[in-house]
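# Coordinate inspection notes
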Amino acid sequence: MKELYPELIDYIFDYCWQFRSALEKKAINHHIGTIKFGNRKNLHPKLIEVRDRHITTDKNALDLLKNGYREFIENTATRIYRDHKAELDLNLCPKCGKIARTPKARQCRFCSYDWH
């Protein structure tokens, strides 16, 4: 297996979302909900409704987050890479083979090669 490095992990997590499991999506929504709403009291009823759609009590989803969000990102990207490597549309530099910043980028952040 190709070694996953931080930039590739972030790329897979950010741009290969279609391969996330339902449980991973639930964990992401929970994380977003806790950041957006935290422990705020006296929320408007509409915001309570939005918060409740994000927050979960699913133990399996919460277990994915138990060691922090960064580890969750790494575990999710690693699983996606392991399970869907052949299906991933990775934007790799034609010169050095490292990942570009985005799917549409045409300049390497590592070797500065430009393939416009």
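I will try to describe carefully the structure that is included in this document. The model shown is predicted, which means the values in this text are computed figures rather than measured ones.

The subject of this paragraph is unusual backbone geometry. A positive phi is found at Ser-112, a non-glycine position, where the angle reads about 65 degrees. Structurally, Ser-112 can be placed in the segment after helix 5 (69-84). Residue classification places Ser-112 among the partly exposed residues on the basis of a relative accessible area of 48%.

Turning our attention to the side chain of Asn-91. Inspection of the secondary structure assignment puts Asn-91 in the segment after helix 5. A relative accessible area of 9% places Asn-91 in the buried class. Within the structure, the side chain of Asn-91 is placed 3.1 Å from the backbone oxygen of Pro-103, a separation counted as a polar contact. When near neighbours in sequence (up to four residues on either side) are disregarded, Asn-91 contacts Tyr-11, Lys-98, Ile-99, Ala-100, Thr-102, Pro-103, Lys-104, Ala-105, Arg-106 and Trp-115.

With their axes 9 Å apart at the nearest point, helix 1 (residues 6-15) and helix 5 run at an angle of 80 degrees to one another. Looking at the two axes, helix 1 sits roughly perpendicular to helix 5. Side by side, helix 1 and helix 5 meet where Pro-6, Ile-9, Asp-10, Ile-12 and Phe-13 of the first sit next to Tyr-69, Arg-70, Phe-72, Ile-73, Glu-74, Thr-76, Ala-77, Ile-80 and Tyr-81 of the second. Classifying every residue of the contact of helix 1 with helix 5 gives ten nonpolar, one polar and three charged.

It is worth spelling out the side chain of Glu-24 at this point. Position of Glu-24 relative to the elements: it lies in helix 2 (residues 22-37). On the basis of relative accessibility, which here comes to 6%, the residue Glu-24 falls in the buried class. Apart from residues lying up to four places away in sequence, Glu-24 is in contact with Phe-19, Leu-64, Phe-72, Thr-76 and Arg-79.

Criteria and thresholds
- Along each chain, residue indices are assigned from 1 in the same order as the chain's sequence is written.
- Only residues with pLDDT of at least 70 are given local features in this predicted model, and only at 80 or more are side-chain atom pairs given and counted; all residues enter the totals for whole chains, interfaces and linings.
- Side-chain metrics rest on all non-hydrogen atoms present in the structure, leaving aside hydrogens and water.
- A run of DSSP states H or I qualifies as a helix once it reaches four residues; a run of E qualifies as a strand once it reaches two. Both are numbered from the N-terminal end.
- Exposure classes here rest on a 1.4 Å probe applied to the protein chains alone. A residue is buried below 20% of its type maximum, exposed above 50%, and partly exposed in between.
- Any pair of nitrogen or oxygen atoms within 3.5 Å is treated as a polar contact; in protein, a donor-acceptor pairing is required on top of that, and neighbouring residues in sequence qualify only through side-chain atoms on both sides.
- Note on contacts: a residue pair is in contact if any heavy atoms of the two residues lie within 4.5 Å.
- All axes are obtained by fitting lines to C-alpha atoms, using only the stretch in contact for helices, and the reported angles, taken between N-to-C directions, cover 0 to 180 degrees.
- In what follows, roughly perpendicular refers to angles from 65 to 115 degrees, roughly parallel to angles under 35, roughly antiparallel to angles over 145, and oblique to any angle outside these ranges.
- Throughout this entry, Asp, Glu, Lys and Arg are counted as charged residues, while Ala, Val, Leu, Ile, Met, Phe, Trp, Tyr, Cys and Pro are counted as nonpolar. The remaining residues, Gly among them, count as polar.

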